[in-house]
Amino acid sequence: MKEINDIVKAYKQAQINGLKTALATVVKVEGSSYRQAGARMLVTEDGQLTGAISGGCLEGDALRKALLAIHQKNNKLITYDTSNPDDVEFGVQLGCNGIVHILFEYIDENSSQNPISLLEKTIENRNESVITTLFSLEKRSKQAGTVGLVRNQNTVLSDSSSISERELLNFSSEVLEKKQNILTRLSSNEILLQYIPPQTTLIIAGAGNDVKPLVDTASILGWKTVIADGRSTHALKKRFPLADEVLLATPEEIIKAIEIDESTVFVMMTHNYNYDLALLKLIIHKPVQYIGLLGPKTRFNRMMDDLKSSGIDIGEKELNKLYGPVGIDIGAETSEEIAISVIAEIKAVLSQKKGLSLRDKPEKIHTDILSI
């Protein structure tokens, strides 16, 4: 989501500066690659790059291809075959042992449904979306590009789309159900259907100094951060310039002030047991995937006992969303180290990963895209 946000902002700035642009999208990967299908990079005619389609090794050649697309005002599909260790054809040393297909799209700012406008719609509200990109490895002279969007069962199709609204909805329904990208075919075209989740919102109960690194780290990932605390001396926006909101609020007021959904996560670090307990009572049955509780295991166990004694049902579903003590065990001691530990744990939970060292993972780093 952050990459899309950055690309949309860069495109708007390019418009202000009167610069033409092209969008590079990884549409298909065969074998290994640094970035997977759906990775994007915006290129302006003066050579500015926003986003990434590789670890940096493809960007030089991709810049030249993007500038050509801008000059010719035409979409282009380029294949980089990195399975050859010499990479003679493209003069790049990727070392990923894979084949990467990248679509370069000229952005017509006069088109109301150009690829950037479709991307912008994915970040307008807190809803999951599916972005559809059509490309052809067989007919390389004709590339439709980013042609459709599905949100809330509503569709947006570009003028260049060869896919019908019904086909788009049918394909997207499986993407939304599985919450993962899907690659399929329609006639001579291949279709990349990319799942775009809502922006993650991190609610931090507590406004102590140890919260600052957590906010800073979350902002790097593009998460929305909301800080809530009952102390007027601490809940001040000037203390947390990177936070999106800072609330002076009781636990009850927090619940009224924010929208809570499956993309909302909580971390409680007020160092005030009663405040944390009161808030936990209000959110334990909310549709959240993660609730982190700062403090030792004894504090967590006491809180569980107090919840049960107050008549709140704590079943397996509720226990699975509770993480106390909070964070992954990386030997964190300082508030900055703890922030990295906590953010890594949240990211792992949202991605349905175990947080293992990649050295100990027997499978590929990235899961293969689902083909239907």
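All values reported here derive from a predicted model rather than from experimental measurement.

Enquirer: Hey, could you run me through helix 7 (residues 273–283) in this one?
Expert: For an α-helix, 3.6 residues make a turn, and residues three or four places apart therefore share a direction. If you check which residues of helix 7 are buried, you get Y273, Y275, D276, L277, L279, L280 and I283. For helix 7, the capping residue at the N-terminal end is N272, with a side-chain oxygen 3.2 Å from the backbone nitrogen of N274.

Enquirer: Explain the packing of aromatic side chains to me, please; I cannot follow it from the model alone.
Expert: Here a ring pair, both rings aromatic, is described through the centre-centre distance and the interplanar angle of the planes. The tally for this structure, following the rule as stated, stands at one aromatic pair. An angle of 15° between the planes, with centres 4.7 Å apart, marks the rings of Y290 and Y323 as stacked. Taken together, the positions of Y290 in strand 15 (residues 290–293) and Y323 in strand 16 (residues 322–323) put the pair 33 residues apart, joining distant regions of the chain.

Enquirer: Sorry if this is basic, but what is going on with the packing of helix 7 against helix 8 (residues 297–309) here?
Expert: Helix-helix packing: each pair is described by the crossing angle between the helix axes and the interaxial distance. Put simply, helix 7 and helix 8 touch, their axes get as near as 11 Å, and they point 50° apart. As far as their axial angle goes, helix 8 and helix 7 are oblique. In terms of crossing hand, the pair formed by helix 7 and helix 8 is right-handed. Of the residues in helix 8, those touching helix 7 at Y273, D276, L277, L280 and K281 are R299, R302, M303, M304, D306 and L307. Across the contact of helix 7 with helix 8, the residue classes break down as six nonpolar, no polar and five charged.

Enquirer: In this structure, what is going on with the environment of R185? I would like to understand it.
Expert: Tracing the backbone through its elements, the reader meets R185 in strand 9 (residues 182–186). For the pair R185 and S136, spaced 49 residues apart in sequence, the C-alpha separation works out to 9.4 Å. Setting aside its immediate chain neighbours within four residues, R185 contacts E138, F171, E190, I191 and I372. Side-chain polar atoms of R185 contact the side chain of E138, separated by 2.8 Å.

Enquirer: Hey, could you run me through the confidence of the model for the chain in this one?
Expert: The predicted structure's coordinates, where accompanied by low pLDDT, should not be read in detail. On average, the chain scores 89 in pLDDT, and the residues at 70 or more come to 94%. In the model, residues 88–95 has pLDDT below 50 throughout and makes 17 contacts with residues more than four positions away in sequence or in other chains.

Enquirer: Could you clarify how one ought to interpret the pairing of strand 9 in this entry?
Expert: Look at any regular strand and the pattern is simple: side chains alternate between the two faces of the sheet. Of the strand pairs in this sheet, strand 9 and strand 10 (residues 189–196) are connected by five bridges, and their pairing is antiparallel. Within the sheet, the bridge partner assigned to R185 lies in strand 10 and is E190. The hairpin turn running from strand 9 into strand 10, its antiparallel successor, is two residues long, and S187 in that turn takes a positive phi close to 60°.

Enquirer: Would you mind showing me how to read the sheet that holds strand 4 (residues 76–81) here?
Expert: Adjacent strands of a sheet form backbone hydrogen bonds with each other and so pair up, either parallel or antiparallel. Taken together, the five strands give an open sheet; going across it, the order is 3-2-1-5-4, and neighbouring strands pair in antiparallel fashion. Strands with a single pairing partner mark the edges of an open sheet, and in this sheet they are strand 3 (49–51) and strand 4. With direction set aside, neighbouring strand axes in the sheet form an average angle of 25°. Pairing geometry for strand 2 (residues 40–44) and strand 3, over three bridges, is antiparallel. Within strand 3, the position partnered with L42 by the bridge is T50. Contacts from helix 1 (residues 2–16) reach strand 1 (21–31), strand 2 and strand 3 within the one sheet, and its direction differs from that of strand 2 by about 15°.

Enquirer: Whenever I open this one, the UniProt feature "domain: XdhC Rossmann" (unreviewed entry) in the chain confuses me. Can you help?
Expert: What UniProt calls "domain: XdhC Rossmann" (unreviewed entry) maps, in this numbering, to residues 202–346. Taken end to end, residues 202–346 is 40% helix and 17% strand, and its two terminal C-alpha atoms sit 9 Å from one another.

Enquirer: It is not clear to me how the side chain of N189 should be interpreted in this structure. Could you clarify?
Expert: Note on placement: N189 falls in strand 10. Discounting chain neighbours no more than four positions away, the residues touching N189 are L134, F135, S136, S162 and T184.

Enquirer: Where do I start with unusual backbone geometry in this structure?
Expert: Backbone geometry follows two general trends: most residues other than glycine have a negative phi, and most peptide bonds adopt the trans configuration. Here G324 and P325 are connected by a cis peptide whose omega angle stands at 0°. Mapping P325 onto the fold places it in the loop between strand 16 and helix 10 (335–350). You will see that K179, though not glycine, has its phi angle at about 55°, which is positive. Along the polypeptide, K179 turns up in the loop between helix 4 (165–178) and strand 9. K179 gets classed as partly exposed once you look at its relative accessible area, which sits at 40%.

Enquirer: Just checking my understanding: could you explain the pattern of salt bridges for this structure?
Expert: Two side chains of opposite charge can pair, provided their charged atoms sit close to one another. All told, the structure shown has 15 salt bridges when counted by the stated rule. Between R185 and E138 there is a salt bridge whose closest N-O contact spans 2.8 Å. Taken together, the residues span a long stretch of sequence, with R185 in strand 9 and E138 in the loop between strand 6 (129–135) and strand 7 (145–151) at a distance of 47 residues. With a relative accessible area of 41%, R185 lands in the partly exposed category. Connected via shared salt-bridge partners are K28, E138, R185 and E190.

Enquirer: Explanation requested: a negative patch on the surface in the structure shown.
Expert: A cluster of acidic side chains, namely D216, E333, E336 and E337, defines a negative patch on the protein surface. Along the chain, E333 turns up in the loop between strand 16 and helix 10. According to the relative accessible area criterion, E333 is exposed, its value standing at 65%.

The rules behind the values
Residues numbered from 1 in each chain as written. Predicted model: local features only at pLDDT ≥ 70, side-chain atom pairs only at ≥ 80, totals over all residues. Heavy atoms only, no water. Buried < 20%, exposed > 50% of the residue type's maximum accessible area, 1.4 Å probe, protein only. Helix = DSSP H or I, 4+ residues; strand = E, 2+ residues; numbered from the N terminus. Polar contact = N/O pair within 3.5 Å; in protein donor to acceptor, adjacent residues only side chain to side chain. Phe/Tyr/Trp six-rings, centres within 6.5 Å; stacked < 30°, edge-to-face > 60°. Axes fitted to C-alpha atoms, helices over the stretch in contact; angles between N-to-C directions. Parallel < 35°, antiparallel > 145°, perpendicular 65-115°, else oblique. Left-handed = near helix turned anticlockwise from the far one by under 90°. Contact = heavy atoms within 4.5 Å. Nonpolar A, V, L, I, M, F, W, Y, C, P; charged D, E, K, R; others polar. pLDDT = per-residue confidence, 0-100. Pairing = 2+ DSSP bridges. UniProt positions renumbered as here; feature names shortened; annotations may be inferred. Salt bridge = Lys/Arg side-chain N within 4 Å of Asp/Glu carboxyl O. Patch = residues over 30% accessible without salt bridge, like charges linked within 9 Å, V, L, I, M, F, W, Y side chains within 5 Å. Areas by Shrake-Rupley, 256 points an atom, 1.4 Å probe, with all protein chains shown as cover. Lys, Arg positive; Asp, Glu negative; His and termini not counted. Charge placed at Lys NZ, Arg CZ, Asp CG, Glu CD.

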